[in-house]
Amino acid sequence: DAKTTQPPSMDCAEGRAANLPCNHSTISGNEYVYWYRQIHSQGPQYIIHGLKNNETNEMASLIITEDRKSSTLILPHATLRDTAVYYCIAHRNAGNNRKLIWGLGTSLAVNP
Amino acid sequence: KAGVTQTPRYLIKTRGQQVTLSCSPISGHRSVSWYQQTPGQGLQFLFEYFSETQRNKGNFPGRFSGRQFSNSRSEMNVSTLELGDSALYLCASRREQGHEQFFGPGTRLTVL
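Just so we're clear, the structure is a prediction, and the values are computed from it rather than from any experiment.

Criteria and cut-off values
Residues numbered from 1 in each chain as written. Chains lettered and ligands numbered in written order. Predicted model: local features only at pLDDT ≥ 70, side-chain atom pairs only at ≥ 80, totals over all residues. Heavy atoms only, no water. Helix = DSSP H or I, 4+ residues; strand = E, 2+ residues; numbered from the N terminus. Buried < 20%, exposed > 50% of the residue type's maximum accessible area, 1.4 Å probe, protein only. Contact = heavy atoms within 4.5 Å. Disulfide = S-S within 2.5 Å. Buried area = accessible area lost by both parts, 1.4 Å probe. Salt bridge = Lys/Arg side-chain N within 4 Å of Asp/Glu carboxyl O. Polar contact = N/O pair within 3.5 Å; in protein donor to acceptor, adjacent residues only side chain to side chain.

K.L.:
Could you give an account of the environment of A60 of chain A, naming the residues involved and the relevant values?
P.N.:
All names here are of chain A. By secondary structure assignment, the location of A60 is in the loop between β5 (55–56) and β6 (61–64). A relative accessible area of 2% places A60 in the buried class. It is 7.1 Å that separates the C-alpha atoms of A60 and I47, two residues lying 13 residues apart in sequence. Sequence-distant contacts of A60, defined by excluding residues within four places in its chain, comprise I47, I48, E55, L73, I74 and L75.

K.L.:
Can you tell me about the state of the cysteines, naming the residues and giving the values?
P.N.:
Applying the stated rule across the entire model yields 2 disulfides over all chains. A sulfur-sulfur separation of 2.1 Å characterises the disulfide bridge that pairs C22 of chain A with C88 of chain A. The disulfide joining C22 of chain A to C88 of chain A has a torsion of about -80° about its S-S bond and is therefore left-handed. With C22 of chain A in strand β2 (residues 18–23) and C88 of chain A in strand β8 (residues 84–91), this pair connects stretches of sequence that are 66 residues apart. Like C88 of chain A, C22 of chain A is buried. With a sulfur-sulfur separation of 1.7 Å, C23 of chain B is cross-linked through a disulfide to C91 of chain B. An S-S torsion of about -45° defines the bridge between C23 of chain B and C91 of chain B as left-handed. Here the residue C23 of chain B occupies a position in strand β3 (residues 19–24), and C91 of chain B occupies one in strand β9 (residues 87–94), the gap between them amounting to 68 residues. Considered together, C23 of chain B and C91 of chain B belong to a single accessibility category, that of buried residues. In this structure C12 of chain A is a free cysteine whose sulfur lies 18 Å from that of C22 of chain A, the closest cysteine sulfur available.

K.L.:
Can you tell me about unusual backbone geometry, naming the residues and giving the values?
P.N.:
All names here are of chain B. In this structure, P8 follows T7 across a cis peptide bond, with omega equal to -10°. Note on placement: P8 falls in the loop between β1 (5–7) and β2 (10–13). Even without glycine at this site, E52 takes up a positive phi of about 70°. Relative to the assigned elements, E52 resides in the loop between β5 (42–50) and β6 (53–57). Judged by its relative accessible area of 47%, E52 falls in the partly exposed class. Although it is not a glycine, T80 adopts a positive phi angle of roughly 45°.

K.L.:
Can you break down the interface of chain B and chain A residue by residue, with the values?
P.N.:
On the side of chain A, 21 residues touch chain B, which itself brings 23 residues to the contact. For the chain B and chain A pair, buried surface summed over both sides reaches about 1800 Å², with 46% attributable to carbon and sulfur atoms. Our count for the contact surface shared by chain B and chain A stands at 0 salt bridges. At the junction of chain B and chain A, the tally comes to 4 residue pairs in polar contact (both at pLDDT 80 or more). Of all the secondary structure elements, the ones that give two or more residues to the side of chain B that touches chain A are β4 (31–38), β5, β6 and β9 of chain B. Of all the elements, β5 of chain B adds the most residues to the side of chain B that touches chain A, at 4 residues.

K.L.:
Break down the side chain of E48 of chain B for me, with residues and values.
P.N.:
Looking at where E48 of chain B falls in the secondary structure, it is placed in strand β5. At 2.8 Å, the side chain of E48 of chain B forms a polar contact with the side chain of S31 of chain B.

K.L.:
Before we move on, can you summarise the side chain of D82 of chain A with the specific residues and values?
P.N.:
Residues and elements named next belong to chain A. By the element assignment, D82 lies in the loop between β7 (70–75) and β8. There is a polar contact of 2.8 Å between the side chain of D82 and the side chain of R37. With sequence-adjacent residues up to four places away left out, D82 is seen in contact with R37, L75, H77, L108 and V110.

So yeah, pure geometry; function would need other evidence.
Okay, structure coming up:
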């Protein structure tokens, strides 16, 4: 599985868009990019995933560069409840030998 | 639909003891993965079980083991506990070929 790199922390004003970057320069063609977040003392929560195309759901948008070496998670209108640690991981969806490498993520603080 | 449940939620053990943690996946999910989360190392993948077979394994010593039952419930066992095993142990389930992992609340293990 590809290793991902994220900034350790970010700040965002409430109501503004939060743009969280992730570098996955060693990603291979069949590996997806997944985003999860973890609010203090809870288990991680799935946000969104993508392979090549940009994706959007009710929680967020995922923008993947054309060379697939990096991506950005966008929370369009951040609220205080979006304060959490955000994890970007890259791996194949199925099969053996998935190592599921999670880093330390980005700690996002949404400020009033 | 009930979420992923983990028992116990909190556990205190002493060095040298062993511990068994339990995870009940969402009904219909046959894949169960286990993770260890510590402040310094972040989320680390332990192993994944699918239909009672271990499908993937992370880089942990043999003291960490697991199993899955025919009803998809899973247990993980840690023998000869060390102080460094103190962590939040998370379990996640997903549908076969599903992208989204659903995490439980975790078991907080403290080794004294």
